[in-house]
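Each chain, written out:
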Amino acid sequence: MADTLARSTVEIGYGGSERLTMNMGPQHPSAHGVFRAILTLEGETVVAIDAVIGYLHRCHEKLAETLTYVQYPTIASKTDYVSAMTAELAYVAAVELVGKIDVPRRAQYLRVICAELQRIASHCLWLGTWCMDMGGALGGGATIFLYAIRERELILDLFETLTGARLLYGFHQVGGTRYDIPAGWAQQCRETLAVITQRLGEYEAMLEANAFFLVRTQGVGVISRDLAEHVGVAGPLLRGSGVAYDLRTAAPYSSYEDFGVRVPVESAGDCFARYRVRMAEFRESIRLVHAALDGLPEGPISSRPGVKSVGQVRIPKGEGYSRVEGARGEVGCYLVADGGPKPYRLKWRGASFSNLAVLPHIIPGHKVADVVAIMGSVDPVFGEVDR
Amino acid sequence: MPPLAYHALVGFIVLNVVIGMVTYVTLLERKFAARMQSRIGPYYVGPRGLLQPIADALKLMLKEDIVPARADRFIYNLAPIAFLLPCILIFATLPFAPGLGVADLNIGVLFFLAVSSLEIVGLFMGGWGSNNKYALLSAMRAVNQIISYDLPFVFAAFVPVLLAGSLQMSAIVEAQRGLWFVAYPVIGQLAFVLFLIATLAAENRVPFDILEAESELVAGFRVEYSGMKFALIQLGEYAHMIGTSFLGALLFLGGWLGPGADTPLVGALWFLLKAMLVFLVVTWVRWSFVRIRVDHILAVSWKLLLPATLVLLLLTGFLVAARGPHAG
């Protein structure tokens, strides 16, 4: 649809009614990495968008075939580098599914704690970058961005204490987790979450009482329920369009059924609804971390004995698909094992990729300024789109 | 001293003071923004970062000057000057203290408003001459916005003019000896708020900075400028902003009036202080709002600000007619 329109444009002349083709990206302040949108404009209105991806393609799936089950979890996190724990979890869950490996309860709870902290950290970055898209790096947007990054850093401090890394963690391993929480970590975690809970209220006060923010987000980029289901968007986008679908309740994994996850849903489907969903998810994640810390069982953190070489973990022949609810939606990992120490084939389902597919359906008809607001509300991470 | 030489000397001094002030106001804004964002702000260059503006200016002077291959060279090169000139020229009629100014014209306010809206010419030249789509879109937006906002800006500025019964800046200040116009019941506060909003738009600040809009148009009309030309545009923008802040302080906050204001230097200090206050309010707004969309900006201007300022001006007119022009 968008393609034919975008290709049949005329360069702007002097008549005033011509269409203008404008490139947004791959090098652009609001490209969220390396996304190229070829916009066709009539004045300020976008009539067509042609999305070009692939600038960050790193052959991730092929790479997975060359690395063993011991090596790859640390690399898996590089698909979505903003929430690295998600892909790690999806990968080890796939291996455990195919290999029929049990995961100790303590490890499952630790995974939940990390997944939810990661969701908070990822949403912090989303809030900051989205507001920066709308508010300008030299304006109020930068203020929110710096506030949100400040909170993300607190979570990263927790991860650093836990794993020694701040971006790509290597926390998960087949059969459990690599690290147990150190002494005092639970207390530090609770204090951090108390700080974040308080600041969330400040953000909401700052944004939702701001008429300019409301006017930029309400009624902008509406994804109808039908469209959301038709295109296959996931995560906060889907829940912002009135579909109460969350893998943590729909297909619980890693003991999520113990916590009674409450799924926030908004029905408006616009940018503001997606914002509301994510703000509610912040609070829900905080509650889940508290619950998991409270109920953290004693016991081993991994069912796998220590290995002496990277090729020591072998998975019997078989295939399986595991999926987890990441910060951006459903992250899936399809794994085919041939009995060796490496996967025979691996396929990632990135949430950002399928979410991005909704853009050509909702952007035409909006103003140029709305393009960045909508794109920010979709929250794509291009490491995950291009892999 | 012959009058011409005197004016030339004063003009020279004012020009240099203005440019110096503009450079340092950038530091003030950066420090202020840093406070708002829980950062420290510039502090490497010189004690507490005090030499940062100079370092910035030096850096920009040393940068390579690039002219895009397909640009309209003449217009492209002329644009920064055409942009800067009116922005500096507005200081010509500002009296900083009684008798301390380049030219206290009897139509000072009119001159200020007329010249300050000329910046759009340089801006559009830059956007057009760059031969860049972002710059072109930004220039179009600029024309839209500045035409829409100059009207409420002028109308809001004319409320004090009506109250004082004069277009001469020093006379407006003198008329506020009893009561600053911002303290004038209802009318003063309304006019001041409307003036501030229109100021934001006329200065292209967030939330009305759609022509810069770096998340959409990268840097708007100045996207192709580098080095000294970029510095000139920056200078013009900040000069315009400070000039407007001074105008706001003069029209509504009593200009140089204050304790000990009869000494010219103390008066000038008071004036500077008030202007910086206005500037910081503008900066505060800038660093706490998101940008609004072009169609909303036009709607706000034509549907809200323009009728509001018109009604206000009319009310002021009735009031002045009822009480006589110089009751103050």
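Structure: above.
Residues numbered from 1 in each chain as written. Chains lettered and ligands numbered in written order. Predicted model: local features only at pLDDT ≥ 70, side-chain atom pairs only at ≥ 80, totals over all residues.

A. A look at the overall build of chain A. Secondary structure assignment for chain A yields 16 helices and eight strands. Since a compact globule built from 387 residues should have a radius of gyration of about 21 Å, the 21 Å found for chain A is in line with a globular shape. Dimensions of chain A, computed from the C-alpha atoms along their principal axes, are close to 75 × 45 × 35 Å. Per-residue burial for chain A yields a buried fraction of 52% across its 387 residues. Intrachain contacts of chain A at a sequence separation of at least 6 include 70% that bridge at least 24 residues. (Helix = DSSP H or I, 4+ residues; strand = E, 2+ residues; numbered from the N terminus. Rg over C-alpha atoms; globule rule 2.2 N^0.38 Å. Buried ≥ 20, exposed ≤ 12 C-beta atoms within 10 Å, placed from the backbone. Contact = placed C-beta atoms within 7 Å.)

B. Fine view of the overall build of chain B. In terms of regular secondary structure, chain B is built from 12 helices and zero strands. Listing the helices and strands of chain B from first to last along the sequence gives α-α-α-α-α-α-α-α-α-α-α-α. The globule rule puts the C-alpha radius of gyration for 328 residues at 20 Å, and the 20 Å found for chain B is close to it. Taken along the three principal axes of its C-alpha coordinates, chain B extends 60 × 50 × 45 Å. Evaluated residue by residue, chain B yields a buried proportion of 51% over its 328 residues. Within chain B, residue pairs in contact and separated by at least 24 positions form 78% of the contacts whose partners lie at least 6 positions apart.

C. Region of the structure containing the sheet that holds strand β6 (residues 318–326) of chain A. Residue and element names in this part refer to chain A. Read from one edge to the other, the open sheet built from three strands follows the order β6-β7-β8, with strand pairing classed as antiparallel. Across the chains shown, the open sheet's two edge strands, defined by having one partner strand only, are β6 and β8 (343–349). Across the sheet, the mean angle from the axis of one strand to that of its neighbour is 15 degrees, orientation sign disregarded. Where strand β7 (residues 329–337) lies against β8, six bridges are found, and the strand directions are antiparallel. (Pairing = 2+ DSSP bridges. Axes fitted to C-alpha atoms, helices over the stretch in contact; angles between N-to-C directions.)

D. Geometry of the packing of helix α8 (residues 187–202) of chain B against helix α12 (residues 294–323) of chain B. All names here are of chain B. Closest axis-to-axis distance for the α8/α12 pair is 11 Å, and the angle between their directions is 145 degrees. Regarding α8 and α12, the two cross each other, and that crossing is left-handed. Side by side, α8 and α12 meet where I187, L190, A191, L194, I197 and A198 of the first sit next to L305, A308, T309, L312, L315 and T316 of the second. Partitioned by chemical class, the residues of the contact of α8 with α12 number 10 nonpolar, two polar and no charged. (Left-handed = near helix turned anticlockwise from the far one by under 90°. Nonpolar A, V, L, I, M, F, W, Y, C, P; charged D, E, K, R; others polar.)

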